[in-house]
Amino acid sequence: MTNLLGPQPTHLPEHTAAQAALDAGTDPAAVAAEHPDYSEAWAALAEKALEAGETVAAYAYARTGYHRGLDQLRRAGWKGHGPVPWSHRPNQGFLRSLAVLGKAAGKIGETEEYDRCRTFLSDSDPAAAEATGLK
């Protein structure tokens, strides 16, 4: 994934307290309430809602996680394009949110947003598209 002519991969900072809470089994809603900038909590909420058939809630949770992640990516130097590696766990919350946003968009007929999310995810890291099932 190294392109010497392109932008360097962006790695979001660790969010150890929030990550530890999720890893310990804390309800993602509680983690999101305490750490509202933590995309992985929003992604977990979005995935749970989508699995439960709550498409609109999944869309809303995913959009929140996506926007929180975009803010962090920009603060980390991302200029709107370039690799966002799936292998770096702090990036996964953003990438998972993006995937659920795309899936939920597809379910409510937002074809353009579905396509945009699918392309954005694949362009960020093809491994993310593979891992999340949004190819």
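Residues numbered from 1 in each chain as written. Predicted model: local features only at pLDDT ≥ 70, side-chain atom pairs only at ≥ 80, totals over all residues. Heavy atoms only, no water.

Taking an unreviewed UniProt entry as the reference, the protein chain is identified by name as DUF3151 domain-containing protein belonging to Amycolatopsis lurida NRRL 2430.

## What to know about the overall build of the protein chain
Scanning the protein chain from N- to C-terminus turns up 7 helices and 0 strands. Going from the N terminus to the C terminus, the protein chain shows its helices and strands as α-α-α-α-α-α-α. The globule rule puts the C-alpha radius of gyration for 135 residues at 14 Å, and the 14 Å found for the protein chain is close to it. If you line up the protein chain on its principal axes, its C-alpha atoms span 45 × 35 × 20 Å. Of the contacts formed within the protein chain by residues at least 6 apart in sequence, a portion of 61% connects residues at least 24 apart. Within the structure as shown, the protein chain displays about 6,900 Å² of accessible surface, and the carbon and sulfur contribution to it stands at 51%. Averaging the positions of the 13 positive and the 17 negative side-chain charges in the protein chain gives two centres separated by 3 Å. (Helix = DSSP H or I, 4+ residues; strand = E, 2+ residues; numbered from the N terminus. Rg over C-alpha atoms; globule rule 2.2 N^0.38 Å. Contact = heavy atoms within 4.5 Å. Areas by Shrake-Rupley, 256 points an atom, 1.4 Å probe, with all protein chains shown as cover. Lys, Arg positive; Asp, Glu negative; His and termini not counted. Charge placed at Lys NZ, Arg CZ, Asp CG, Glu CD.)

## With respect to the pattern of salt bridges
Under the criterion given, the structure shown has 8 salt bridges. Among the ionic pairs, Arg 96 bridges to Glu 47, the shortest N-O distance being 2.6 Å. Highlighted residues: Arg 96 in helix α5 (residues 89-107) and Glu 47 in helix α3 (residues 39-51), separated in sequence by 49 residues. Given the relative accessible area of 24%, Glu 47 is considered partly exposed. (Salt bridge = Lys/Arg side-chain N within 4 Å of Asp/Glu carboxyl O. Buried < 20%, exposed > 50% of the residue type's maximum accessible area, 1.4 Å probe, protein only.)

## Some remarks on the packing of aromatic side chains
Counted by the stated rule, this structure contains 5 aromatic pairs. On the basis of an interplanar angle of 20° and a centroid distance of 5.8 Å, the ring pair of Tyr 66 and Phe 94 is categorised as stacked. Here Tyr 66, found in helix α4 (residues 55-75), pairs with Phe 94, found in helix α5; they are 28 residues apart in sequence, far enough to count as distant. Take Tyr 66: its relative accessible area is 6%, and that puts it in the buried class. For Phe 94, a relative accessible area of 0% corresponds to the buried category. Clustering of aromatic rings is evident, with ring pairs tying together Tyr 66, Trp 78, Phe 94 and Phe 120. (Phe/Tyr/Trp six-rings, centres within 6.5 Å; stacked < 30°, edge-to-face > 60°.)

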